[in-house]
Amino acid sequence: MKYYLIVGEASGDLHASHLMRSLRAVDKLAEFRFFGGDLMSAVGGTRVKHYRELAYMGFVPVLLHLRTIFRNMALCKRDIVEWRPDVVILVDYPGFNLGIAKFVKAKTSIPVYYYISPKIWAWKEYRIKNIKRDVDEMFSILPFEVPFYEGKHGYKIHYVGNPTADEVADFKASYAEAFEYFCRKNSLPANKPVIALLAGSRRQEIKDNLPAMIEAASRYADNYQLIVAGAPGIAREYYSEFIKDKPVAIVYDQTYALLSHSCAALVTSGTATLETALFGVPQVVCYETPIPKVISFLRKHLLKVRYISLVNLIADREVVTELVADTFTVDNITRELGRLLPGSEARAAMLDGYAEVKRRLGKEKAPDNAAEIMLRLLRKESVK
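These numbers were taken from a predicted model, which means no experiment stands behind them.

*Asks:* What is the right way to read helix 7 (residues 145–153) from this model?
*Replies:* One full turn of an α-helix is made of 3.6 residues, so residues set three or four places apart face in the same direction. Burial in helix 7 covers these residues: Glu-145, Phe-148, Tyr-149 and His-153. Buried residues in helix 7, looked at end-on, bunch into an arc of 85 degrees, giving them a common side. Exposed positions of helix 7 whose direction lies more than 90 degrees from the buried face are Pro-147 and Gly-151. Residues of helix 7 that are buried in the fold lie against helix 6 (128–134) and strand 6 (137–140). Backbone geometry just downstream of helix 7 places Gly-154 in the positive-phi region, at approximately 65 degrees.

*Asks:* Can you walk me through the environment of Gly-343 in this structure?
*Replies:* Along the chain, Gly-343 falls in the loop between helix 16 (330–338) and helix 17 (345–361). Given the relative accessible area of 83%, Gly-343 is considered exposed. In this structure, the C-alpha to C-alpha distance between Gly-343 and Leu-375, residues 32 residues apart in sequence, is 50 Å.

*Asks:* I'm lost on the packing of aromatic side chains in this one. Help?
*Replies:* How two aromatic rings sit relative to each other is set out by the distance from centre to centre and by the angle between their planes. With the rule as written, the count across this model stands at 15 aromatic pairs. Judged by centre distance (5.6 Å) and plane angle (50 degrees), the ring pair of Tyr-113 and Phe-139 falls under tilted. One end of the pair, Tyr-113, is in strand 5 (residues 112–115); the other, Phe-139, is in strand 6, with 26 residues separating them in the sequence. Phe-139 carries the same exposure label as Tyr-113, and that label is buried. When the ring of Trp-121 is compared with that of Phe-144, the centres are 4.9 Å apart and the planes differ by 85 degrees; the resulting orientation is edge-to-face. Highlighted residues: Trp-121 in the loop between strand 5 and helix 6 and Phe-144 in the loop between strand 6 and helix 7, separated in sequence by 23 residues.

*Asks:* Just checking my understanding: could you explain the environment of Gly-200 for this structure?
*Replies:* As for its placement among the helices and strands, Gly-200 is situated in the loop between strand 8 (194–198) and helix 10 (203–218). Residues Gly-200 and Gly-270, 70 residues apart in the sequence, show an inter-C-alpha distance of 7.8 Å. With near-sequence residues (within four places) excluded, Gly-200 lies in contact with Glu-205, Ile-206, Ala-231 and Thr-268.

*Asks:* Can you walk me through the packing of helix 8 (residues 163–174) against helix 13 (residues 271–278) in this structure?
*Replies:* A pair of packed helices is captured by two measures, namely the crossing angle of their axes and the spacing between those axes. For the pair helix 8 and helix 13, interaxial distance at closest approach is 10 Å and the crossing angle is 40 degrees. With respect to helix 13, the element helix 8 is oriented oblique. Every pair of crossing elements has a handedness; the one defined by helix 8 and helix 13 is right-handed. In this structure, helix 8 contributes Thr-164, Ala-165, Val-168 and Lys-172 to the contact, and helix 13 contributes Thr-271, Leu-274, Glu-275 and Leu-278. Tallied by class, the residues present in the contact of helix 8 with helix 13 amount to 4 nonpolar, 2 polar and 2 charged.

*Asks:* Please explain the packing of helix 13 against helix 17 as it appears in this structure.
*Replies:* Relative to each other, helix 13 and helix 17 sit at 110 degrees, their axes nearing to 9 Å. As summarised for this structure, helix 13 and helix 17 are arranged roughly perpendicular, according to the angle between their axes. Across the interface between the two elements, Leu-274, Thr-276, Ala-277 and Leu-278 of helix 13 pack against Tyr-354, Val-357, Lys-358 and Leu-361 of helix 17. Looking at the contact of helix 13 with helix 17 residue by residue, the classes come out as 6 nonpolar, 1 polar and 1 charged.

*Asks:* Is there a simple way to explain helix 8 in this structure?
*Replies:* Helix length check: helix 8, at 12 residues, gives a terminal C-alpha distance of 17 Å against a target of 16 Å (1.5 Å per residue), a fit within 8%. All of the buried residues in helix 8 are Pro-163, Thr-164, Ala-165, Asp-166, Glu-167 and Val-168. On the buried face of helix 8, the contacting elements are helix 1 (10–26), strand 5, helix 12 (255–260), helix 13, helix 17 and helix 18 (366–378). With a side-chain oxygen positioned 2.9 Å from the backbone nitrogen of Thr-164, the residue opening helix 8 is Asn-162.

*Asks:* Honestly, the pairing of strand 11 (residues 262–267) in this entry has me stumped. Any pointers?
*Replies:* Taken residue by residue, a regular strand's side chains alternate between the two faces of the sheet. In terms of burial, strand 11 is largely enclosed, as 6 of its 6 residues are buried. Relative to strand 11, strand 8 is paired through 5 bridges, and the arrangement is parallel. Considered in strand 11, the bridge of Ala-196 is made with Ala-265. Pairing between strand 11 and strand 12 (residues 283–287): 3 bridges, direction parallel. Residue pairing for strand 12: Val-267 is matched across the bridge by Val-285.

What counts, and at which threshold
Residues numbered from 1 in each chain as written. Predicted model: local features only at pLDDT ≥ 70, side-chain atom pairs only at ≥ 80, totals over all residues. Heavy atoms only, no water. Buried < 20%, exposed > 50% of the residue type's maximum accessible area, 1.4 Å probe, protein only. Helix = DSSP H or I, 4+ residues; strand = E, 2+ residues; numbered from the N terminus. Arc of directions from axis to C-beta. Contact = heavy atoms within 4.5 Å. Phe/Tyr/Trp six-rings, centres within 6.5 Å; stacked < 30°, edge-to-face > 60°. Axes fitted to C-alpha atoms, helices over the stretch in contact; angles between N-to-C directions. Parallel < 35°, antiparallel > 145°, perpendicular 65-115°, else oblique. Left-handed = near helix turned anticlockwise from the far one by under 90°. Nonpolar A, V, L, I, M, F, W, Y, C, P; charged D, E, K, R; others polar. Expected span 1.5 Å × (residues − 1). Polar contact = N/O pair within 3.5 Å; in protein donor to acceptor, adjacent residues only side chain to side chain. Pairing = 2+ DSSP bridges.

Here it is as structure tokens:
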């Protein structure tokens, strides 16, 4: 089978690369062509465009790069038609991918599969009409999406398990590096426990969130060492302007190792909140927004969900504290972080909540499960 995959950011590259490996395991003749990243390229196939050439986030960056976005979309459409894959597999990134889905459905007979649903349950729920019309099969990685799609909208989907849970479990099973070695390798002191700072993967997120995170965590620097998880593709120099002479270190390409050695964390909302929970690290979710009072009002009245972190969304209750919009202040971050340090009741309660999140995610191997279902569908075999 010929598989055409489209991702738009680093997390999509990671998840798609695992899906490609799983597809190759069940389909020895699998051929891949894709808009993706280095991890997908390592699996094999032909990369048409790197996701870094697609990833414009926010109203102003998108507006400034409209010509490039339209040019990339036109290239993608032409390339799909010329290569004639057996299926197009979209991975999140709805602004671009739903446009491709519409074209493929209208102009070709190629089936469209979506692996990792757009977060339409949080905002832009109207996109369900496009998904119903243009997406043949949806492969979900979040258990609460099943009642949303099937119960609320009558659109049957496949919950295949959560790839982040798989990735964390695989890492924990193979990682045996002692704390002392981790510290020595990164020129860190081994006599202080770690507070991890995960400030997002994009420059704007880092700019918005990291300064307040550092200021709040620095109040505990006498007894803890503060370590930033450096994001792929973000130069050390960019972090330097925020760290400067602060008591903060930075490590790159070691986020899972960092979390495995951390006793608490400050985390910008996103997949990192779930990763932190799966490592059993108590966390405060921090997300700074422009015009906080306005955003707070819009969140209460327009956002379709009560929470922004995956941990709380999966648990369907507040397991982790979310400091967003007008609650995002240095004093609030400092207070909530203090409540989670070793020996506190709040810490124990959060760890109990994490156990519930793990139970709800289940033990399915997401990419393996998705690959098997995809191939059966393409071969027109029955699927349970």
